[in-house]
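# Coordinate analysis (summary)
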Amino acid sequence: MKFGLLFAYQNPPGGGIPWHEPYGDMLTCLPRAEALGYSSAFQASHHVQKDGFCPSPLIAMAGAAAVTEQMRIGTSVLLVPLYAPLKLAEDVATLDNLSNGRFVFGVAPGYVSQEFAAHNIPRSERVGRFEEALDLITAAWSGEPFSFEGKYYRATEAQVTPPTVQRPHPPIWYGVSAASSLRRAVKRRAVQIMSPRHGIAELKEHYAAYDAAAQEAGWQPPERPIIRQVFIAESTARAEKLAAPAIDYLYRELYGAASAAGDRVLRGDDGQVVEQSDTVAFEGFKQRYIIGDPEFAIAEIKKYQAELNPSEMICWMHMPGIKGVDVAQSMELFAKHVMPEFDREF
């Protein structure tokens, strides 16, 4: 089982951290993370958020490519309907060349109403635009002149160079959960990347739909990654002291707010749908993040192995408002005490 890292650069208002500091933390920690055996670095993204949640994931991952040599880098996820697809095809091809074929294109149609309104894109068109844009992008990655005529996008005798290093193109990961979207992921032969906002029971439901569609198509997904919020300290009390405020903020301001607005459902550990974001608190979602000492982390990850058998756990350690020095210590402890327990075939 492999372990990667996820970045978002959220900076809660009033926290006193300079805007540039989380980006510097990423650039500083990745060479060390690579030396410790972390397998990947992924970039989350949202748009027009008050806390600086990264709106430009490809630029951030260009920085990651520059300070690493072997780790995979990627987006998890980029909100495709908010981009011009031909330009996106060019930027991803450039980044795949910059990283010498290490890029993973994690994508999603998006769900936050505020983001679509700000970009003047009808939210109701997000799935159609998402799929059509990916059709155009994959056609562009042939490296040959092509034309495209769709409902939302068109291109006439265009050619994207340089071609991607990975052929026919970088891996595409889908950050979706609806059964219909999971079937479309299989049709595109896209790996499913599971959201950290879902507990194990929800993840099993999503995998059941995805695996059934893959079996029907006669296709075996090559990997099975998941994302979890992870933070490790010498004691569980210390880990919760540092990370619980970040979890509270993340689940209240992003997942809880979206659920309350009707954009996307968030359920607590009790199964109840969140209808008011101010009801979200650390204690109510403990079944979906790993915050504790190394022994606790090992036990929790073994639960995921038994229930889901993931190929990689992408660890969101750099959570909102946590100082880089504290994340660096968590990263070291996790690599020293947790990762060796999973350095074998399961």
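These notes cover the structure that comes with them.

## A few points about the overall build of the protein
For the protein, the count of helices and strands is 10 helices and 11 strands. With the C-alpha coordinates aligned to their principal axes, the bounding extent of the protein is approximately 60 × 45 × 45 Å. Residue burial in the protein is summarised as follows: out of 346 residues, 55% are buried. Taking all contacts inside the protein whose residues are at least 6 apart in sequence as the whole, residues at least 24 apart take part in 72%. About 14600 Å² of surface is accessible on the protein, with carbon and sulfur atoms providing 51% of the total. Placing the 33 positive and 41 negative side-chain charges of the protein at their respective mean positions leaves the two points 3 Å apart.

## A few points about the environment of His206
Here His206 is to be found in helix H7 (residues 200-217). In this view, His206 contacts Ser177, Leu182, Met194 and His198; residues no more than four positions away in its chain are not counted.

## Brief notes about the nonpolar core
For soluble globular proteins, nonpolar side chains are generally found buried alongside one another. Among the nonpolar cores identified, the biggest contains 118 residues, and Phe3, Tyr38, Phe105, Met313 and Phe334 are the most heavily contacted of them. For this core, the element with the most residues is helix H8 (residues 236-260), which contributes 10 residues. Among all residues touching Met313, those that are not within four sequence positions of it are Met1, Lys2, Phe3, Gly4, Ile226, Arg228, Val230, Ile290, Ile301 and Tyr304.

## Some details on the packing of helix H2 (residues 57-67) against helix H3 (residues 85-98)
One can describe the packing of H2 onto H3 by two numbers: an axis separation of 10 Å at closest approach and a directional angle of 10 degrees. The angle between H2 and H3 places the two elements in the roughly parallel class. Two secondary-structure elements touch here, H2 through Leu58, Met61, Ala62 and Ala65 and H3 through Leu88, Asp91, Val92, Leu95 and Leu98. Class assignment for the residues of the contact of H2 with H3 results in eight nonpolar, no polar and one charged.

## Comments concerning the packing of aromatic side chains
To describe a pair of aromatic rings, one takes the distance between the centres and the angle between the planes. Per the counting criterion, the structure on display carries 16 aromatic pairs. On the numbers, 5.6 Å between centres and 70 degrees between planes, the contact of Tyr251 with Tyr289 is edge-to-face. Of this pair, Tyr251 sits in helix H8 while Tyr289 sits in strand S10 (residues 289-292), placing them 38 residues apart in sequence. According to the relative accessible area criterion, Tyr251 is buried, its value standing at 1%. Using a relative accessible area of 3% as the deciding quantity, one classes Tyr289 as buried. Here the aromatic cluster, defined as three or more aromatic residues joined through ring pairs, consists of Tyr251, Tyr255, Phe282, Phe285 and Tyr289.

## Some points on helix H6 (residues 179-187)
Those residues of H6 that fall on the buried side of the exposure criterion are Ser181, Leu182, Ala185 and Val186. For H6, the angular spread of the buried residues around the axis is 145 degrees, confining them to a single face. Close packing links the buried residues of H6 with strand S7 (172-174), strand S8 (191-192) and H7. With its phi angle positive at about 60 degrees, Arg189 sits one or two positions after the end of H6.

The rules behind each value
Residues numbered from 1 in each chain as written. Predicted model: local features only at pLDDT ≥ 70, side-chain atom pairs only at ≥ 80, totals over all residues. Heavy atoms only, no water. Helix = DSSP H or I, 4+ residues; strand = E, 2+ residues; numbered from the N terminus. Buried < 20%, exposed > 50% of the residue type's maximum accessible area, 1.4 Å probe, protein only. Contact = heavy atoms within 4.5 Å. Areas by Shrake-Rupley, 256 points an atom, 1.4 Å probe, with all protein chains shown as cover. Lys, Arg positive; Asp, Glu negative; His and termini not counted. Charge placed at Lys NZ, Arg CZ, Asp CG, Glu CD. Core = buried A, V, L, I, M, F, W, Y, C linked by side-chain atoms within 4.5 Å. Axes fitted to C-alpha atoms, helices over the stretch in contact; angles between N-to-C directions. Parallel < 35°, antiparallel > 145°, perpendicular 65-115°, else oblique. Nonpolar A, V, L, I, M, F, W, Y, C, P; charged D, E, K, R; others polar. Phe/Tyr/Trp six-rings, centres within 6.5 Å; stacked < 30°, edge-to-face > 60°. Arc of directions from axis to C-beta.

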